[in-house]
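Each chain, letter by letter, is given below.
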Amino acid sequence: AVVSTQSTGVSMMAGSDFIKTSTGKESVNATFPVGLIMTRAIRHYYEQTGFKVGFKPAGGIRTAKDSLQWLVFMKEQLGDEWLQPHLFRMGASSLLGDIERQLHHYCTGRYANSAYDIGM
């Protein structure tokens, strides 16, 4: 936890516009405990400097439900403004397939059997 707090602080003091949880390639990626440490550091930095730093949880966000949990988390930690794309992004390359699946279900009332059923 201390390393995350220190590295987050150093990154922001060096002028980072965004900080992210990881590259998304490690075995443990975006977790809420690490996100909590980082978003609290962002809030503290903003209160001290007036400079808004964006946040990007990366890795492990695979479903639409995962993404909604992160949206709620961000709203609770940093407020509505941090829900905007200039301050919040998700590193979720595997999320697209689930979003397509959910949209197909919304439009047809059934889940697609394959990528062919989705037709995207």
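Heads up: the structure comes first, above all this text.
Residues numbered from 1 in each chain as written. Predicted model: local features only at pLDDT ≥ 70, side-chain atom pairs only at ≥ 80, totals over all residues. Heavy atoms only, no water.

A. Summary view of the pattern of salt bridges. Scanning the entire structure with this criterion turns up 3 salt bridges. Note that E81 is salt-bridged to K52, the shortest N-O span being 2.6 Å. Within this pair, whereas E81 is found in the loop between α3 (64-78) and α4 (95-108), its partner K52 is found in the loop between α2 (32-49) and β2 (54-56), the two being separated by 29 residues in sequence. Residues K75 and D80 are paired through a salt bridge, measuring 2.4 Å at the closest nitrogen-oxygen approach. Overall, D80 belongs to the partly exposed group, its relative accessible area being 46%. (Salt bridge = Lys/Arg side-chain N within 4 Å of Asp/Glu carboxyl O. Helix = DSSP H or I, 4+ residues; strand = E, 2+ residues; numbered from the N terminus. Buried < 20%, exposed > 50% of the residue type's maximum accessible area, 1.4 Å probe, protein only.)

B. Looking closely at the packing of α2 against α3. Packing of α2 against α3 leaves a shortest axis separation of 10 Å and a crossing angle of 35°. Along this stretch, α2 crosses α3, giving a crossing that reads as right-handed. Across the interface between the two elements, F32, G35, L36, T39, R40, I42 and R43 of α2 pack against Q69, W70, F73, M74, Q77 and L78 of α3. Classifying every residue of the contact of α2 with α3 by side-chain character gives 7 nonpolar, 4 polar and 2 charged. (Axes fitted to C-alpha atoms, helices over the stretch in contact; angles between N-to-C directions. Left-handed = near helix turned anticlockwise from the far one by under 90°. Contact = heavy atoms within 4.5 Å. Nonpolar A, V, L, I, M, F, W, Y, C, P; charged D, E, K, R; others polar.)

C. Quick look at the packing of aromatic side chains. Per the stated rule, a full pass over the model turns up 6 aromatic pairs. Ring centres of F32 and W70 lie 4.3 Å apart, and the angle between their planes is 25°; this geometry places the pair in the stacked category. In this pair, F32 sits in helix α2 while W70 sits in helix α3, placing the two residues 38 residues apart along the sequence. Judged by its relative accessible area of 32%, F32 falls in the partly exposed class. With 5.2 Å between their ring centres and 75° between their planes, W70 and F73 make a pair best called edge-to-face. Of this pair, W70 and F73 both sit in helix α3, separated by 3 residues, roughly a single helical turn. In this structure F73 comes out as buried when scored by relative accessible area, which is 9%. (Phe/Tyr/Trp six-rings, centres within 6.5 Å; stacked < 30°, edge-to-face > 60°.)

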